[in-house]
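Residues per chain, in single letters:
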Amino acid sequence: MAVTINVLGTTSIDETPGLQQDDIDLSSFQTNHASALAAINAALAADTLTVANAIQIAGDEDVDITLTNATSPVQGLGFVTLDSNGQNPAPVDGLDSGQQTLDGNEIFLYADPDNDNIILGREGSGTTADSSGKIVFAVYLEEVTDQNNVITGGQLWTVLFEPLAHPDDTNSDDVVKLPNTLGVAATGEQNFSFAGAPAGNNLFMAFGSSADALLVSGTSISHTVNSSKGGGATTLGTDAQDVRAGKGLYFTYVTGMDANFLAPDLTHKEATTVNDISFTGVLDSDAASLTIVKLTGGASVSVKLTAFTTDVETGANYFPGLGDSDDVNVTITHVYINGSEVSFTLDGDGTGVIVAGVHDGDVIKFETDGDHNRVLVENGEALGSNIHFSIGGFAIENAVTAAVPVGDHLEFYDDGPAVAVADVTDGDYANGAQGTWTHDPGADGLGSFSANFDSFQIDSHGIVDTTGTNSTFEQTGDFTFDGSITADFNGDGSNDTVEFTLTLNPDDDSYDLQVTTPPTTTTTFSTDQGSLDAGGPDPVRTLTIGSENIVFSAVNALTDPNDIKLFLDASEATIQGSATYLSPAQMNVSTAGIGLGDNLFEGNSIAGIDGATTSGGKFDESFVIDPHGDVSSMTVIINNKTNGGYTPLTGEELYYRIYDSNGGWSAPVKVLQGDLTVTSSTASFTVGDPNGPNDIDAVQLIMGKGTIKVPTITFSVSTEFSPQPLDLNFTADLFDGDHDSSTDPFTIHLDAATV
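Residues numbered from 1 in each chain as written. Predicted model: local features only at pLDDT ≥ 70, side-chain atom pairs only at ≥ 80, totals over all residues. Heavy atoms only, no water.

A.B. asks: Explain the overall build of the chain to me, please; I cannot follow it from the model alone.
C.D. replies: In terms of helices and strands, the chain carries 5 helices and 59 strands. Over its C-alpha trace the chain gives a radius of gyration of 53 Å, far above what one expects of a compact globule, namely 27 Å for 755 residues. The C-alpha extent of the chain, read off along each of the three principal axes, is 170 × 50 × 40 Å. Counting only residues that meet the buried cut, the chain has 50% of its 755 residues in that class. Sequence separation of at least 24 residues holds for 70% of the intrachain contacts in the chain that already meet a minimum separation of 6. Taken as a whole, the chain presents about 30600 Å² of accessible surface, with 47% of it coming from carbon and sulfur. (Helix = DSSP H or I, 4+ residues; strand = E, 2+ residues; numbered from the N terminus. Rg over C-alpha atoms; globule rule 2.2 N^0.38 Å. Buried < 20%, exposed > 50% of the residue type's maximum accessible area, 1.4 Å probe, protein only. Contact = heavy atoms within 4.5 Å. Areas by Shrake-Rupley, 256 points an atom, 1.4 Å probe, with all protein chains shown as cover.)

As structure tokens, then:
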């Protein structure tokens, strides 16, 4: 039999969810291809899988394989292993698929033991094949027949249970294929005609083609193969023109036979040396037939048949290999004569069968339990018998008659990940920014997620690429990142560092950016750093400390605060020329002490704030400290070594009133012992919060009772971080389990705000 196998196009399966390439949905496959579904499920049953467990199914209505030039009907199609030249078909049993799982394990191909139309891709252990490994995919070759039930071609179906590794990380639609050592073979009856064999004898003879041949020899190197026409068809015998009692011929089904020794291109005594026995493989079959002719000496004959599987043994190894340890007996299960099954007996050692009652012209067909590739045909009559026969023809059934590579036509397309991160336009420094994102790692599963901090822009000053100098960015978790920017956020010419944390939540598709800004800074200055203006003594004096002017006004202790408020931030001249609440005492400002009339700050002997003058002319002194610029705090320092310092526990009373930047004021607050910070030489108290807002316009001190010395007053001015608008530019990068990636740039905008 001759046939040409044509493989058309490709069958492509795509791991991407949804239907792409040749993908088909399960319901359609179940409805329209029930026979294919049943066949695949039968092959999967031992592994407790069904097609319904697949992540993708591929195939279509088109015929993928056609058969042409068939000289007789094809008995079947199936998968085979081929060599690198596309020859020597063999069972698919642990063929390296050339592919890997995402875990890096090799995938090996196995034909289903009950149906060679199905191959199973099984996961190995590393590079070691495992015939019971997890099924990664299955490929089914469904035979297509015509109205006469003759096989005319086939359709290919691929069922994928888990994604494959794809080597091209830069192409999320990368495609891999099975190797061309995977082939499709047609099986059928192969008739070997003896016509053209040279009359006479040779050490061996071969019939057919170099691709598929029947090699015939005697049982040892001392026996020949004889051919004869005898006025009719060519027949074979051994050592004579027939097969006599106790003698036999070996028929070996081979591939890659040396064409120089194939009949009819063979002459008498040309094939006479063992070195001329040259072939590359063996051809398996589970049935064969032979024709008994030229029966002489009796009406019928007993024929002994012994089937084997053998290895490729050529040249000088051929005859020693006949019946050796690698010639394994294959059980003959059924025998037919002219199409009718007949009984048989086993030979003495049970390795062969004896078929009795064979007549001249009978065709004996035998079937084996499993494949065989060699049979010994012997005359089964007792030694000395004169019943002889010749063999007039031989045919192999269910043998591979043609095979072509098919692996290159079975494609697996990669599935890439997808990520999209939405921009945020309404974030701010205080509350950060909240946005959304989507991520789909695809069939290959999540590999990893990363992000890059690419650039930033402050206000409209231009985009700045991130560097190791102006920024940091570090992944601290699977979906969390810490970063910072060092730049001029205020436009004041100096750099500040803003830190941030970016967290993406893969569960609810949200993300959050939180900003940590620089803390409030505090600038302090002190009266002992200042210098007084010219003039004096006066009830109003101005102390200059750097660029700050502090106006001290000696006032009557009971002055209405509203009157004082009217002159806050006024100049010394204005206050002195217009204010009616000034004390007759002069304002004394020096490092020796700040007070009225001298460097002491004194009250009368009466508790509380009053306008009385007591013994020695003492009255409740009071002065206003008015910096021409709001401050966050003032600290009053008292000398503990003068007059015993300030001792509220013994009855001394010092009060203060705050005039705030909003135009209000407080009631007098008595300074208590618990308000003091005491050292060996000083006691101090602070009005306001150095790190708080600059909301103090002025402070009025009132000495209600007792005497203290105030050598120094310090002032604090807080500077809040007031950044300009900021845009942060990132790129998200999602990797799947196959190392493919998807990127998406996104921008987070933070509005300007005081934080």
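This is not the end of the story, as more comes after the structure.
A.B. asks: What's the story with the packing of aromatic side chains in this structure? I'm lost.
C.D. replies: The description of an aromatic ring pair uses the distance of the two centres, along with the angle that the planes make with each other. Overall, the coordinates contain 27 aromatic pairs when judged by the stated rule. Their ring planes at 50 degrees and their centres at 4.9 Å tell us that Phe 194 and Phe 207 sit as a pair that is tilted. Of this pair, Phe 194 sits in the loop between strand E12 (182-192) and strand E13 (200-202) while Phe 207 sits in strand E14 (residues 204-208), and the two are 13 residues apart along the sequence. Side by side, Phe 194 and Phe 207 carry an identical accessibility label, which is buried. With centroids separated by 6.4 Å and ring planes inclined at 45 degrees, the aromatic side chains of Phe 552 and Phe 623 adopt a geometry described as tilted. Placement of Phe 552 in strand E43 (residues 548-556) and of Phe 623 in strand E49 (residues 621-627) is noted, with a sequence separation of 71 residues between them. Taken together, the aromatic side chains of Trp 437, Phe 449, Phe 453, Phe 456, Phe 473, Phe 479, Phe 481, Phe 500, Tyr 511, Phe 730 and Phe 746 make up a single cluster linked through ring pairs. Directly above the ring of Tyr 336 sits Lys 365, whose terminal nitrogen or CZ lies 5.6 Å from the centroid. (Phe/Tyr/Trp six-rings, centres within 6.5 Å; stacked < 30°, edge-to-face > 60°. Lys NZ or Arg CZ within 6 Å of the ring centre and 35° of its normal.)

A.B. asks: Is there a simple way to explain the sheet that holds strand E50 (residues 633-639) in this structure?
C.D. replies: Strand pairs in the sheet, formed through backbone hydrogen bonds, run parallel or antiparallel to each other. An order of E40-E57-E50-E54-E53 is seen for the 5 strands of this open sheet, with the pairing classed as antiparallel. Two strands close off the open sheet at either side, each with one partner strand: strand E40 (521-526) and strand E53 (677-678). Sheet topology note: the E53/strand E54 (residues 682-688) ladder contains 2 bridges and is antiparallel. Bridge pairing in E54 links Thr 677 to Ser 684. (Pairing = 2+ DSSP bridges.)

A.B. asks: Would you mind showing me how to read the layout of surface pockets here?
C.D. replies: If a probe as big as a water molecule is rolled over the atoms, it shows which places are left empty. By volume, the largest pocket is sized at about 610 Å³. Forming the walls of the largest pocket are 27 residues, and the residues nearest its centre are Phe 79, Pro 91, Asp 116, Thr 187 and Asp 371. Elements represented by at least two residues in the lining of the largest pocket include exactly strand E5 (74-81), strand E7 (106-112), strand E8 (115-123), E12 and strand E29 (388-405). If one sorts the elements of the lining of the largest pocket by residue count, E5 sits on top with 6 residues. Partitioned by chemical class, the residues of the lining of the largest pocket number 13 nonpolar, 7 polar and 7 charged. In this structure, the second largest pocket occupies an estimated 240 Å³ of space. Residue lining of the second largest pocket: 18 residues in total, with Gly 86, Gln 87, Ala 211, Asp 212 and Ala 403 positioned closest to the centre. (1 Å grid on protein atoms, 1.4 Å probe; cavity = no way out; pocket = protein on both sides within 12 Å on 5 of 7 lines; lining within 4 Å. Points joined across faces, edges and corners; volume = space filled by probe spheres on them. Nonpolar A, V, L, I, M, F, W, Y, C, P; charged D, E, K, R; others polar.)

A.B. asks: So what exactly am I meant to see when it comes to the nonpolar core here?
C.D. replies: Inside soluble globular proteins, nonpolar side chains tend to come together where they are buried. Counting 65 residues, the largest nonpolar core has Phe 251, Leu 305 and Phe 394 as the members making the most contacts within it. Here this core takes 6 residues from E29, the largest share from any one element. Once you skip the residues sitting within four places of it in the chain, Phe 251 turns out to touch Phe 194, Leu 214, Leu 215, Val 216, Asn 373, Arg 374, Val 375, Val 377, Ile 391 and Phe 394. By size, the runner-up hydrophobic cluster in this structure holds 35 residues, among which are Ile 594, Ile 625, Val 710 and Val 717. (Core = buried A, V, L, I, M, F, W, Y, C linked by side-chain atoms within 4.5 Å.)

A.B. asks: Got a minute to help me understand unusual backbone geometry in this structure?
C.D. replies: Most of the time, phi is negative for any residue but glycine, and the peptide bond is trans. That bond from Ala 263 to Pro 264 is cis: its omega, 10 degrees, falls within 30 degrees of zero. Within the element layout of this structure, Pro 264 appears in the loop between strand E18 (248-255) and strand E19 (281-282). The phi dihedral of Gln 21 is positive, around 50 degrees, even though this residue is not glycine. Here Gln 21 is to be found in the loop between strand E2 (11-14) and helix H1 (26-32). Backbone geometry places Asn 338, a non-glycine residue, at a positive phi of 55 degrees. Note that Asn 338 resides in the loop between strand E23 (332-337) and strand E24 (340-342). With relative accessibility at 48%, the residue Asn 338 sits in the partly exposed group.

A.B. asks: Sorry, what's going on with the environment of Asp 563 here?
C.D. replies: Note that Asp 563 resides in helix H4 (residues 561-565). Taking the relative accessible area as the measure of exposure, Asp 563 reaches 31% and is therefore partly exposed. Separated by 68 residues in sequence, Asp 563 and Asn 495 place their C-alpha atoms 44 Å apart.

A.B. asks: I'm lost on the pairing of E5 in this one. Help?
C.D. replies: Regular strands have side chains that alternate between both faces of the sheet. Among the 8 residues of E5, 7 are classified as buried, and the element is accordingly described as predominantly covered. The pairing of E5 with E12 spans 7 bridges and is classified as antiparallel. Pairing of Thr 81 across the sheet is with Leu 182, part of E12.

A.B. asks: Can you help me understand the sheet that holds strand E42 (residues 540-545) in this one?
C.D. replies: Read from one edge to the other, the open sheet built from 7 strands follows the order E41-E42-E43-E49-E55-E51-E52, with strand pairing classed as antiparallel. Across the chains shown, the open sheet's two edge strands, defined by having one partner strand only, are strand E41 (531-532) and strand E52 (669-670). Relative to E42, E41 is paired through 2 bridges, and the arrangement is antiparallel. Each residue of the ladder has a partner; that of Leu 532, found in E42, is Leu 543.

A.B. asks: Quick question: what am I supposed to make of helix H2 (residues 34-44) here?
C.D. replies: Residues lying three or four places apart along an α-helix face the same way, a consequence of the helix completing one turn every 3.6 residues. Within H2, the full set of buried residues consists of Ala 36, Leu 37, Ala 39, Ile 40, Ala 43 and Leu 44. Considered in projection along H2, the buried side chains sweep an arc of 165 degrees and stay on one side of the axis. Those residues of H2 that are buried lie in contact with H1, E7, E8, strand E9 (135-145) and strand E10 (151-160). (Arc of directions from axis to C-beta.)

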